[in-house]
Structures are given as C-alpha cells and as structure tokens.
Amino acid sequence: MNDLDQLVSAAQADFAAAATPAELENAKARYLGKAGQVTELLKGMGALSHEEKKTRGAEINQTKQRIESLLTERRQALAEAELQAQLKAESLDVSLPGRQHGMGGLHPVSRTMERIEAIFGSMGFEVADGPEIEEDWFNFTALNTPADHPARSMHDTFYVDTQAPDGSGHLLRTHTSPMQVRHAVQHVKRHAAALAAGQAMPEIRVIAPGRTYRVDSDATHSPMFHQCEGLWIGENVSFKDLKAVFADFFRNFFETDDLEIRFRPSFFPFTEPSAEVDIAFASGPLKGRWLEVAGSGQVHPNVVRNFGLDPERYIGFAFGMGPDRLTMLRYGVNDLRLFFDGDLRFLSQFR
Ligand code: DAH
C-alpha cells in the first residue's frame, strides 16, 4: 500500500468514526482543509520535476477525489441515520385508541325527577320550586305543627339561626310540604279578585320536587334527600281522585299495569285523614312485597285556612313521595348512599 492509499484508508476510518455531522466536518478539515494532509501533499510538489509533477499531481488529485467521495458517502449515511432516529422518536402508533371525551349524563335521581314532572305534567299539574333554607313557619307552623308539637321531633334538622317564637327562624327544610303553603298563598293572591267576588277559583294542582334535609344517615336515609310534594285543591276534590292520580302515576312511572296500590291509615299533622301509600308489583324481583312510597291525606282545615281559603268550601289532598326511593326501586339499587357518593363507576351505569 503506497502513502496515498494509506491516506485514503485513514480518511475512511476517520470518517467512519465521526458519529455526528460536526465531527465529520472536523475530520474533513484534517484531510481536505487548508492545512489538511492532501493540501500539504500538493504543496510538497514544488520540489519535483515537470514529469514527476504530472504523475504525482494526477495521483494526488485522484486521492483527493476518493476522499471527497468517501466524505459524501459518510455525510449521506449520517443524514440518513439522523432522519431515521427522528422518525423513530416522533413515531405515531395509529392503532392506539383515540383520546376519549368524557360523556356526561343525568344523575339517576334527576332522571326520576324529570319522569315525575313529565307524568304529573301530563295530568295537568304545575311544577313549583322553592327555597331549601325555609322559614320555621312554612316548614312547621303553617302545616298545623306549632312550636311544641311532638311531630317536630321526627323532623330534627339543621337550624340556620335561632328559632324565634314568632316562627321567623330559618332551617334547612325537612320536607317539601312547605311548598304547599308557599304555592297556595301565591295562587290565592293571583285569584284574589275572583275570590272576593265569590267566583270560583281555578283549582290548585301542583307538584314541588326538591332537596330536603334531616339528621338521619344509614343505608336508606341520607341527611340530604329528595321529596316531591303534590297538592290538589278545589271545591270537589276527594280521596277518590287521590287514588286515581296515584294509580296513574305509579303505573306510568314503573311502566307496568301489574301493580297494586294500598292506602294504610297513618298520621300527619297537616292532613286528616292521613294515609301511607304502599305499592306491590305482581311480578319481578319485588313481587308481592308491599313497599311504602308516599305519605298522603286530605289537607287539614287549619292548613287550608293558612292557604287563605275557606275550608268549608275548598278541600283536597296532598302527598309527599321520595324520588330517591322510587329510583332505588326502578333500578334495583339497595343502598341510597351510592347515589350521593359521586362514584362515577356507579353513576356511569345510568347514562
Ligand atoms: N311531609 C311528609 C314527610 O316528610 C310527607 C307527607 C305526608 C306529605 C302526607 C304530604 C302528606 O303532603 O299529605 O314525612
């Protein structure tokens, strides 16, 4: 191997050792740069004869070309390697599942509320909404439950301020029944002129769904729960109508005619007589079991008076039912607390 072949081999090894384009350019300078080895060879030709210059010059030029083509080859290889590395680093796996957007849905109890509103709406009931922080008077006193009434002890609640003897204190409402009074008083105000003239007043037919609160917590009671109040007052509204409304409602709600309804005597201060409403399914997992679903009764004359109406002329019924309970029955859920834990693994099953 002559000196020129050695030079080419050395350049080849040097270029191969360069791992980056910058290293390769440094290696190039060592051979082809101003002070590079090939340049030095060309400078060294000054001492040669004309003939020697011719052959040596051609050889050196050939060497230079070989080194240049090795350089080009290595440059391309490095660029290709760089491209491959970049492609690999930025690679996209198009078979991965896409990013999903979480799909929201209505809470099962909200679905029940909407169902209740739709069914009662179809029977001509308005929907009323009222405050969860309620005045003592609306929550108790106006409902025939004065300050020392024993029935208050079953409705222990969260008191917002000191209870004044005049009933102006505030509390978290223990039931939706105060909405009977709030709505009826509004209704009576709206029809005051007709009433004063002794004319008939349009019937009160309303439901009031919403949140209620009591000091209660176990598998079937939550300190916050839902109720839906109902009120139908007119000149000729009887228990018979109440039974028809309930039959219609529960058959619609549970989407079955195979359902029995039973009224069981009970006590509520604001109704007389009062009844607990039970239903029983003729088929399905709950077949034959009586399930309590509502309280109800004929509105007490004292309460009708608090509506601003004459109890000798206006009569009707009220009821209060538990949408949470209805939701548990409809979906077969046996622990009420699941509805309020906010666990998406549970809630997303109702989407
Ligand atoms: N408010 C009662 C409760 O929470 C339920 C109730 C019973 C409502 C009878 C009524 C009714 O309107 O007539 O226990």
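Bear in mind that the values here come from a model prediction, so they are computed numbers and not experimental data. (Residues numbered from 1 in each chain as written. Predicted model: local features only at pLDDT ≥ 70, side-chain atom pairs only at ≥ 80, totals over all residues. Heavy atoms only, no water.)

A. The overall build of the chain, seen in detail. Helix and strand counts for the chain come out as twelve helices and nine strands. For 351 residues, the compact-globule formula gives about 20 Å, and the C-alpha radius of gyration of the chain, at 45 Å, lies well above that figure. Along the three orthogonal principal directions, the C-alpha set of the chain runs to about 145 × 50 × 40 Å. Taking the intrachain contacts of the chain between residues at least 6 apart in sequence as the baseline, contacts between residues at least 24 apart amount to 64%. (Helix = DSSP H or I, 4+ residues; strand = E, 2+ residues; numbered from the N terminus. Rg over C-alpha atoms; globule rule 2.2 N^0.38 Å. Contact = heavy atoms within 4.5 Å.)

B. A look at the packing of helix α9 (residues 239-254) against helix α11 (residues 323-331). Taken N-terminus to C-terminus, the directions of α9 and α11 make an angle of 45°; their axes are 11 Å apart at the nearest point. The pairing of α9 with α11 is recorded here as oblique in orientation. Contacts from F249, F250, F253 and F254 of α9 reach α11 at L326, L329 and R330. A per-class count over the contact of α9 with α11 returns six nonpolar, no polar and one charged. (Axes fitted to C-alpha atoms, helices over the stretch in contact; angles between N-to-C directions. Parallel < 35°, antiparallel > 145°, perpendicular 65-115°, else oblique. Nonpolar A, V, L, I, M, F, W, Y, C, P; charged D, E, K, R; others polar.)

C. Just the nonpolar core, in detail. Membership of the largest hydrophobic core comes to 31 residues, with the highest contact counts inside it found for F120, F249, F250 and M321. Within the residue set of this core, elements represented by two or more residues are α5 (108-122), β5 (224-234), α9, β6 (259-268), β7 (271-281), β8 (291-299), β9 (315-321) and α11. When residues in this core are grouped by element, the largest group, eight residues, is from α9. Excluding its chain neighbours within four sequence positions, the residues that come into contact with M321 are I116, F120, H226, Q227, C228, F246, F249, F250, V293, A294 and L326. Membership of the second largest hydrophobic core comes to 22 residues, among which are L143, A184, I233 and Y314. (Core = buried A, V, L, I, M, F, W, Y, C linked by side-chain atoms within 4.5 Å. Buried < 20%, exposed > 50% of the residue type's maximum accessible area, 1.4 Å probe, protein only.)

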